[in-house]
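Residue strings, one per chain:
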Amino acid sequence: MTLTFSLETTNVELINNLFIYFLVVAAIIFFLVVFYIFYYLYKYNSEKRPDLPEQREGSVKVEIFLTSLATTITAVFVYLTISTMGKVQNIPENPEPFLQITGHQWWWEAKYPNSGVTTANQIHIPVGKKVLLQLNSADVIHSWWVPELGRKMDMIPGNTNYMWLYADKEGEYLGTCSEFCGQAHARMRIRVTAQNPKDFEAWQTQQLKPVATSENSNFIEGKRLFEQKTCTNCHAINGTPYQANIGPNLTHFASRKRFLADMKINNKENLKEWLEDPQKVKSGAHMPNFIFSKKELNALVTYIHNLK
Amino acid sequence: MSLYIKMPEENEPLPSLKRARGKLLWISSVDHKQLGIMYLWLALFFFIIGGLQAMIIRAQLSWPENHLVSPEMYSQIFTMHGTTMIFLVLMPALIGLGTYLIPLMIGANDMAFPRLNAFSFWMTCMGGVLLYFSFLAGGGPKAGWFNYPPLSEMNYTSTAGVDYYLVGLILTGIGSIGAALNFVTTVLCMRSPEMKLNMLPLFVWMMFVNAFLMLAAFPLLNSGLFLNLLDRQFDAHFFIPSSGGSALLWQHFFWAFGHPEVYILALPAFGIISEVIPVFSRRPIFGYKFVAASTVAIALLSYSVWAHHMFTVGLSNAVNSFFAISSMLIGIPTGLKVINWIGTMYKGSIRLTIPMFFAIAFLIDFTLGGLSGISFAIVPIDWQLTDTYYLVAHIHYVFLGGSLFGIFAGIYYWFPKISGRKLSKRLGKWHFWLFVIGFNLTFFLQHILGMIGMPRRIYTYPDLPYWKVLNLFSSIGAFFMFTGMAVFFWNIYTTLKKPRTVTSNPWNAWTLEWAVPSPPNLKNFVEIPPVHSRRPLWDLDHPDKPDKRLN
Amino acid sequence: MLLLIASEAFFFMALIIAYVYYRNFTNATDTVAKNLDVVKTGIFTLFLIASSFTLIFSKKALLNEKYVLYKILMATTILFGIVFIIGQVNEYMGLYKKQITLSQDIFGSSFFTLTGFHGLHVILGIIALSILFGISFGKLKIVSISAIQGVDIYWHFVDVVWLFVFYFVYINPLL
Amino acid sequence: MNVLNYFLDASHWSLPWLIGLGLVFIGYLLLLRTAILQKVSFFSALLFIYITIGSPVSQLNNFGLHSVIMLQQFFILMLVPVLILKSLPSELFKETRLASFNFSKNPSYAIVAFWIIGAIAMWGGHLLSAAILSSKTGVAICGIVVSKGSWITHIPGILIMGLVLWAGLIFSFPIFHPDSSKRLAPVASVIYLFTACLSCSLLGLYVAFSASAASAAEAVPFFTTLRNPIPLSVRTDQEIAGMIMWVPGCIFYVVLSMGILLRWYNDPITETEKNPETIKTSTIPKKTIQYGNTEQI
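Thresholds, definitions, all that
- All residue numbers here refer to positions counted from 1 along the written sequence of the relevant chain.
- Starting at A for chains and at 1 for ligands, labels are handed out in the order in which the entities are written.
- Under the rules for a predicted model, residues below a pLDDT of 70 receive no local features and side-chain atom pairs below 80 are neither given nor counted, while totals for whole chains, interfaces and linings still include all residues.
- Heavy atoms throughout the structure, all of them, feed into the side-chain values; hydrogens and water do not.
- Strands are runs of DSSP state E lasting at least 2 residues, helices are runs of H or I lasting at least 4, and numbering of each runs from the N terminus.
- Burial classes: relative accessible area under 20% of the type maximum marks a residue as buried, over 50% as exposed, and values in between as partly exposed (1.4 Å probe, protein chains only).
- Throughout, a contact is declared for two residues whenever any of their heavy atoms are within 4.5 Å.
- Pairs of cysteine sulfur atoms within 2.5 Å are what we label disulfides.
- Two parts lose some accessible area (1.4 Å probe) when they are put together, and adding that loss for both gives the buried area.
- The working definition used for a salt bridge is a side-chain nitrogen of Lys or Arg within 4 Å of a carboxyl oxygen of Asp or Glu.
- Working rule for helices: expected span equals 1.5 Å times residues minus one.
- At least two DSSP bridges between two strands are needed for those strands to be called paired.
- With axes taken as lines fitted to C-alpha atoms, and helix axes fitted only over the stretch in contact, angles between N-to-C directions fall between 0 and 180 degrees.
- Any angle that is under 35 degrees is reported as roughly parallel, and any over 145 degrees as roughly antiparallel; angles of 65 to 115 degrees are reported as roughly perpendicular and all others as oblique.
- In this scheme the crossing of two helices becomes right-handed for a clockwise turn of the near helix relative to the far one and left-handed for an anticlockwise turn of less than a right angle.
- When residues are grouped by polarity, Ala, Val, Leu, Ile, Met, Phe, Trp, Tyr, Cys and Pro land in nonpolar, Asp, Glu, Lys and Arg in charged, and all others, Gly among them, in polar.
- Definition used in this section: a nonpolar core is a set of buried Ala, Val, Leu, Ile, Met, Phe, Trp, Tyr and Cys residues joined via side-chain atoms within 4.5 Å.
- Any residue with an atom within 4 Å of a point lines the site, the site being either a cavity, points on a 1 Å grid over the protein atoms alone where a 1.4 Å probe fits but cannot get out, or a pocket, an open set with protein on both sides within 12 Å along at least 5 of 7 lines.
- Grid points are joined across faces, edges and corners, and a volume is the space filled by probe spheres set on the points.
- When two rings of Phe, Tyr or Trp (its six-membered ring) have centres within 6.5 Å they constitute a pair, described as stacked for plane angles under 30 degrees, edge-to-face for angles over 60, and tilted for the intermediate range.
- As a per-residue measure, pLDDT reflects the predictor's confidence and takes values from 0 up to 100.
- The patches described consist of residues with a relative accessible area above 30% and no salt bridge, like charges being joined within 9 Å and nonpolar side chains (Val, Leu, Ile, Met, Phe, Trp, Tyr) within 5 Å.
- Surface accessibility follows the Shrake-Rupley procedure with a 1.4 Å probe radius. Residue values consider only the protein chains on display as shielding.
- Here Asp and Glu are counted as negative and Lys and Arg as positive; His is not counted, and neither are the chain ends.
- A charge is said to be at NZ when it belongs to Lys, at CZ for Arg, at CG for Asp and at CD for Glu.

J.: When you look at the side chain of Gln73 of chain D in this model, what are you seeing that I'm missing?
T.: All names here are of chain D. By the secondary structure assignment, Gln73 is in helix H5 (residues 66–87). On the accessibility criterion, Gln73 (2% relative accessible area) is buried. Setting aside chain neighbours within four positions, we find Gln73 in contact with Met78, Ala121, Met122, Gly125, His126, Ser129, Val164 and Met245.

Okay, structure coming up:
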């Protein structure tokens, strides 16, 4: 039972191949069924054959032949299924994940245990490297699925699941939570950025930088507000005493291209809109509505938007 | 010399509409025919509600970033759409047809337990009412029709909707168990004395097997529902992982019920098709014994396939492989049935009536649904495509293309028997074409939507390539179906206003229900024709070439 | 009746599976099992088993038209059932005193659900038996044997279920 | 030592058993006069017995593979008895006590007893073998721990196999009674098999799903060396074990049920031939249509 994983075939290709085999067989069966139905409808129509037909009870030979045919096809697919399964899902005995994803209502927490990077929603992986994902959930059942990167895997509270992730081309891959997880399920989308290893390293180094500081008065005011308005009860910022894990980690928030689980482009206007009334932007979100004044809002946005 | 056997008089008159006048007597009736009709009306009523919900869903999804209904409302609507259609439309419709027809088809005057029969109906009814009462009590259930915890637990869904869902389903579950008990006992004890168990008409045989499925499946659901209810109302911990429970156990319970449930809804439809196709091909069913035996095979196997709903929860490859094998195996008896139905048409003399139209639509669309079902047994494909619109398309091909087309065929086929009037063929054709074209338009496109990455149960979606146009066409298809249904209701309405003109056997069919007047009298059979084969009326009509004698 | 029992059997099977699942497949520590009094419950179990036998004999007595014997045995059966229920109530009280309730932890949940549902069935059985017993003072000959047979099967079923419950809840943790 | 080598190694194929079973087959051919199909089924029964006790598969037992035990149990308890009963001519049973049971007359106590013997063999045989395995290897099998080298080790495996085979024969007897008129009625035998199937499902599910808990407690490296020819992890091994008991077991019973039903549908009981004139009657009393005198629908 030695299972090797060759880098040439990705999970998606394996699954796609299998799907194409299936599709061909299914299409043939379907075509035959439809063909015979219409052929018989045409040929044995009562307008053409008004006489009472011969009352036959069927033929055992035909049944046995077709049953054995069906069994053979099934056996082939059982073999294909099991062999492909072994290739797609071969998790070692003591898995050491490259990336730990935790599903929250309704955002993704991503940790890179090797480098210690913690981020949210912005998921970067190196191209050409098979990385092991560890999937957990913090609240309800979610499901990780990036169609172009292969299979989905449920995130079940109390269970830990693993799967391989492999991207062979640089680019951004869109995915989504695919197990209903509450009101904003539709808004729980995934964007995986696959970078060449160099860029990925650069990104990691950037993420590991200490939290940004500034002498800008707005920034300082924003920081004060951030602490005073209990934002820190939910959001962590590395290098500060605030390490809550209820909302996304905001240490390098401004370096992310999008926020709210890929819902909005990360710019000042959208951030302002979000802070003004979270329910209006993403209905159901657990972020409370703080009712900030215009000034407070500006300060907070300046602060958060400088966390690079 | 009389060929007929006299039926004994009932020793105790039971309440029914025929015994006295007044609409109120419907409530107290225990006559199987009236209860069957009430089941059908119940199903039709909820079908309108569920259909309207479906229309809202499709309207909401017609284009990206649509804000017709709020996300919260949307969750309630799709949850209720699924629950209504499965538990309050398909189940009552099939149980209703069974209740109406089983005694007639086996030559009995009523069900074995008439009062239990009424009790089952009112339990189902009550369950439905409770489910919908939730909207008045602070919002409907909104955790999906399979109600996965922990989302369905108090911490995440605090409105009372889920509680109503749980209690409502427990009641309908009790109702279904009662009906199933009744079916089994009726078939075993009330048959015409000449009818042996291996001479049952296929519809009865399938309802009989189906009743065993229900007896074994619903308790599993009920216990799961009870546990969830205890969780919600008495702070138990069964499905709450943070305090020692297991979120997966619910899935095991639910799908150990849920997969047999698929066959509970499909088998009676198979039975209807197995009656309709032979009658309108004017040939006996091709391979009765294979059709009947494969039913039992499906029923037995359906208990060993549930984990294919759970391939993505992280079971090991070893477990998944075995479930994949058994799931694929169940395709063999099902495929065998399709082949037998097509074989029945071979060298027949096919009369293209509306029931036959629907039977053919059933054959084609159910084959498609079955094939896409096989793709879910192939684990890697399931990993990719489960919980997407591909799955949505698949279940609709099975439940609409399978069960509902079967029910339509059954309603058009037995409507003359039930009401004494034939439904209009012209309107029936309109209904058929609008519905079938709309159905295929709506759901075939959803296969593709699923493959390009659209997950199910989202209230809106970003404007990605192709998503918009496919969704729009899908919604247009839904509108076609809606119009088709309107035609259907109009057809029923106008037909019911006409006088009764139908003879006892308008289709030249050959099972016992066609030996009695349409509609049947309160006492079904004053006397029963002799039963020596599976087609007693055929033997009467064609004494020169009767079927092989089986008793 | 047999079918109803079969259906009920599935219901209990599911509950027992839930219990076994939590016991064996999760890593939570079992608080309930440690606090149960096996010997006492064992004695009450004997009462329940004995009631099954008395019921068998009472049925035989009825078939042989020994009405007095039938009544006595029936009364004993009902009495044994009630004793068992008292034992259960006693057990519950004890656990409540130790702060073990349905909502305390997962084993509290599954223990009370499982035994509670069983207790409910025993009570139903007692009611059914009492009705039969009550009728026997009137026009006994009309009590159809099928009614007796139904209740008979039901009562044995409840007993057998208890044996399983007893094994899984009380004995198994000791092994 | 990889899997292929292991199976090809001649020393793992037991010669005495091969000869012994060969002699049995020759004896069968010489002594009993049977149809070809019966010969084939007897031959395959012997083949399965050989696979179970004489082939390398049986040796795998020593490596602590739980799934192998299950495979053996499946063969011996379910498959072989049916094949044997099918292959023996009915005269052989004429004089035995077993044959005096007439299951078509529904002696419910006997049926229940036979069923229970089967179920006990299913659960007990498995527990006992697991315990023996555990005591041989000193590790927990399916949660059963027996200290290494305890007395239980000395129960010969062949004895257990024999008992299980006997129980299997008893269990399948009501359905495959050599005298077909004394068999259990078809529908009843489907229920008989279905309940057995339920019992083996429960066992299989228990074994399979308790695997995840077992694997947490076990140290892994030990096993890869212990289970040299087929290095399965404890968890996979146990899951496969449970699934073997469940899926092939059930499918086998389903196939049997199908066979029984298929024969049944086509089987015209000849008891009513006494009354053939009803077929000849050609007058069809057409009934007049009567409408219900009150509203319906």
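J.: Would you mind going over the state of the cysteines with me for this structure?
T.: Disulfides are covalent bonds that connect the sulfur atoms of two cysteines. All names here are of chain D. The full count for this structure, using the stated rule, is 1 disulfide over all chains. The side chain of Cys197 participates in a disulfide bridge whose partner is Cys250; the two sulfur atoms lie 2.4 Å from each other. Negative torsions about the S-S bond denote left-handed disulfides, and the value of about 135 degrees found for Cys197 with Cys250 makes this one right-handed. Taken together, the positions of Cys197 in helix H8 (residues 186–209) and Cys250 in helix H11 (residues 234–265) put the pair 53 residues apart, joining distant regions of the chain.

J.: How should the interface of chain A and chain B be read in this particular structure?
T.: Accessible area lost upon the coming together of the parts serves often as the stated size of an interface. On the chain B side, the residues contacting the 75 residues of chain A number 92 residues. The junction of chain A with chain B conceals about 7000 Å² of combined surface from both sides, 69% of it contributed by carbon and sulfur atoms. Looking at the side of chain A facing chain B, the largest losses of area belong to Glu63, Met85 and Phe180 of chain A, adding up to 10% of the total buried there. Between the two partners, chain A and chain B, sit 1 salt bridge. Here Arg187 of chain A makes a salt bridge to Glu65 of chain B, at a shortest N to O gap of 2.9 Å.

J.: Any chance you could explain H5 of chain D here in plain terms?
T.: An α-helical turn contains 3.6 residues, so a residue and the one three or four places further along point in the same direction. Between its first and last C-alpha atoms H5 of chain D spans 31 Å; for 22 residues at 1.5 Å apiece the expected length is 32 Å, and the two agree. Counted residue by residue, H5 of chain D has 20 buried out of 22 residues, so it is predominantly covered.

J.: For this particular structure, what's the right way to read the sheet that holds strand S10 (residues 189–195) of chain A?
T.: Strand-to-strand pairing in sheets goes through backbone hydrogen bonds, with the strands running parallel or antiparallel. All names here are of chain A. Taken in spatial order, the 5 strands of this open sheet run S4-S10-S9-S6-S7, and their pairing is mixed. Each having just a single partner strand, strand S4 (122–126) and strand S7 (153–155) make up the two edges of the open sheet. Shown here is a sheet whose adjacent strand axes are inclined to one another by a mean of 30 degrees, direction ignored. In this structure, strand S9 (residues 171–177) lies alongside S10, joined through 6 bridges in antiparallel fashion.

J.: Is there a simple way to explain the packing of helix H2 (residues 32–60) of chain B against helix H4 (residues 114–133) of chain B in this structure?
T.: For any two helices packed against each other, the geometry is given by the interaxial angle and the distance between the axes. All names here are of chain B. Between H2 and H4, the least distance of the axes is 10 Å, while the angle of their chain directions is 15 degrees. Taken together, the axis directions place H2 and H4 in an arrangement best described as roughly parallel. At the point where H2 passes H4, the crossing takes the left-handed sense. When H2 is examined against H4, the residues His32, Leu35, Met38, Tyr39, Leu42, Phe46, Ile49 and Gln53 are found in contact with a partner set consisting of Pro114, Asn117, Ala118, Ser120, Phe121, Trp122, Thr124, Cys125, Gly128 and Tyr132. Among the residues making up the contact of H2 with H4, the classes are represented as 12 nonpolar, 6 polar and no charged.

J.: Mind showing me how you'd approach the nonpolar core here?
T.: One broad rule of soluble globular proteins: the nonpolar side chains tend to lie buried together. One finds Trp205 and Trp414 of chain B to be the most contacted residues of the largest nonpolar core, which totals 280 residues. Among the elements that take part in this core, helix H7 (residues 247–281) of chain B stands out by supplying 23 residues, more than any other. Trp205 of chain B has contacts with Leu197, Leu200, Ala292, Thr295 and Val296 of chain B together with Trp264 and Tyr265 of chain D, leaving out every residue within four places of it along the chain. Core analysis: the next-biggest nonpolar cluster, separate from the first, contains 55 residues, Leu135, Ala167, Ile190 and Val192 of chain A among them.

J.: When you look at the pairing of S9 of chain A in this model, what are you seeing that I'm missing?
T.: Consecutive residues of a regular strand have side chains that alternate between opposite faces of the sheet. Relative to S9 of chain A, strand S6 (residues 142–145) of chain A runs antiparallel, the two sharing 2 bridges. The residue bridging Trp144 of chain A from the neighbouring strand is Cys177 of chain A, located in S9 of chain A.

J.: Would you mind showing me how to read the sheet that holds strand S3 (residues 117–120) of chain A here?
T.: Residues and elements named next belong to chain A. Within the open sheet, the 5 strands sit side by side as S3-S2-S1-S5-S8. Their pairing is mixed. Each end of this open sheet is capped by a strand with a single partner; those strands are S3 and strand S8 (161–165). Strand-to-strand twist of the sheet, defined as the mean angle between neighbouring strand axes without regard to direction, takes the value 25 degrees. Bridge count for strand S1 (residues 99–104) against strand S5 (residues 131–137) is 5 bridges, and the pairing is parallel. Counted as the bridge partner of Gly103 is Ser137 from S5.

J.: Is there a simple way to explain empty space enclosed by the protein in this structure?
T.: It is a probe the size of a water molecule, rolled over the atoms, that shows where empty space is left. Residues and elements named next belong to chain B. Per the stated rule, a full pass over the model turns up 11 cavities of 30 Å³ or more. Along the wall of the largest cavity there are 19 residues; nearest its centre are Pro284, Ile285, Tyr288, Arg534 and Arg535. Among the elements that line the lining of the largest cavity, the one with the most residues is H7, at 3 residues. Here the residues of the lining of the largest cavity are counted per class, giving 9 nonpolar, 4 polar and 6 charged.

J.: Teacher, can you tell me more about the environment of Ser41 of chain D here?
T.: Residues and elements named next belong to chain D. Its location among the elements puts Ser41 in helix H3 (residues 36–53). Along the primary structure Ser41 and Lys86 are separated by 45 residues, whereas in three dimensions their C-alpha atoms are 7.0 Å apart. What Ser41 contacts, discounting residues up to four positions off in sequence, is Leu83, Lys86 and Ser87.

J.: Before we go on, may I ask you to explain the pairing of S4 of chain A in this structure?
T.: Residues and elements named next belong to chain A. Along S4, 5 of the 5 residues are buried, which leaves the element largely enclosed by surrounding structure. Residues Gln122, His124 and Pro126 point to one face of S4 and Ile123 and Ile125 to the other, with burial holding for every one of them. Examined bridge by bridge, S4 and S10 share 5 bridges and lie parallel to one another. The partner of His124 across the bridge, within S10, is Thr193.

J.: What is the right way to look at the packing of aromatic side chains in this model?
T.: Residue and element names in this part refer to chain D. For the coordinates displayed, the defined rule picks out 97 aromatic pairs over all chains. Arranged with centres 3.9 Å apart and planes meeting at 5 degrees, the rings of Tyr28 and Phe42 form a pair that is stacked. In this pair, Tyr28 sits in helix H2 (residues 15–31) while Phe42 sits in helix H3, placing the two residues 14 residues apart along the sequence. Residue Tyr28 shares its accessibility class with Phe42, and that shared class is buried.

J.: Even after reading the chapter, I still don't get the pattern of salt bridges, so can you show me in this structure?
T.: All names here are of chain B. Applying the stated criterion across every chain, the model contains 13 salt bridges over all chains. Between Glu72 and Lys142 there is a salt bridge, with its nearest N and O atoms 2.9 Å apart. Of the two residues, Glu72 sits in helix H3 (residues 71–106) while Lys142 sits in the loop between H4 and helix H5 (161–189), which places them 70 residues apart along the sequence. What makes Glu72 partly exposed here is its relative accessible area of 29%. Asp163 is paired through a salt bridge with Arg232; the nearest N and O atoms lie 2.7 Å apart.

J.: I would appreciate a short explanation of the confidence of the model for chain A in the present structure.
T.: Detailed reading of the predicted coordinates is not advisable wherever pLDDT is low. For chain A, mean pLDDT is 86; residues scoring 70 or higher make up 97% of the total. With pLDDT under 50 throughout, residues 1–8 of chain A is counted as low confidence; its partners more than four residues away or in other chains account for 9 contacts.

J.: Would you explain a positive patch on the surface in this entry?
T.: Together, Lys268, Lys272, Lys294 and Lys308 of chain A make up a positively charged patch on the protein surface. Positionally, Lys272 of chain A belongs in helix H5 (residues 268–276).

J.: In this structure, what is going on with helix H8 (residues 288–301) of chain B? I would like to understand it.
T.: Here H8 of chain B spans 20 Å end to end across 14 residues, near enough to the 20 Å set by a 1.5 Å rise per residue. Burial analysis of H8 of chain B places 14 of its 14 residues in the buried class, the great majority of the element.

J.: Teacher, can you tell me more about unusual backbone geometry here?
T.: Excluding glycine, residues mostly have negative phi values, and the peptide bonds linking residues are mostly trans. All names here are of chain B. Looking along the chain, the bond that leaves Pro149 and enters Pro150 is cis, with omega of 0 degrees. Assignment of secondary structure puts Pro150 in the loop between H4 and H5. In this chain, Ser518 is followed by Pro519 through a cis amide linkage whose omega measures -10 degrees. Relative to the elements of secondary structure, Pro519 occurs in the loop between helix H15 (467–497) and strand S2 (527–528). At Asp235, a residue that is not glycine, the phi angle is positive and equals roughly 55 degrees. Inspection of the secondary structure assignment puts Asp235 in the loop between helix H6 (202–234) and H7.

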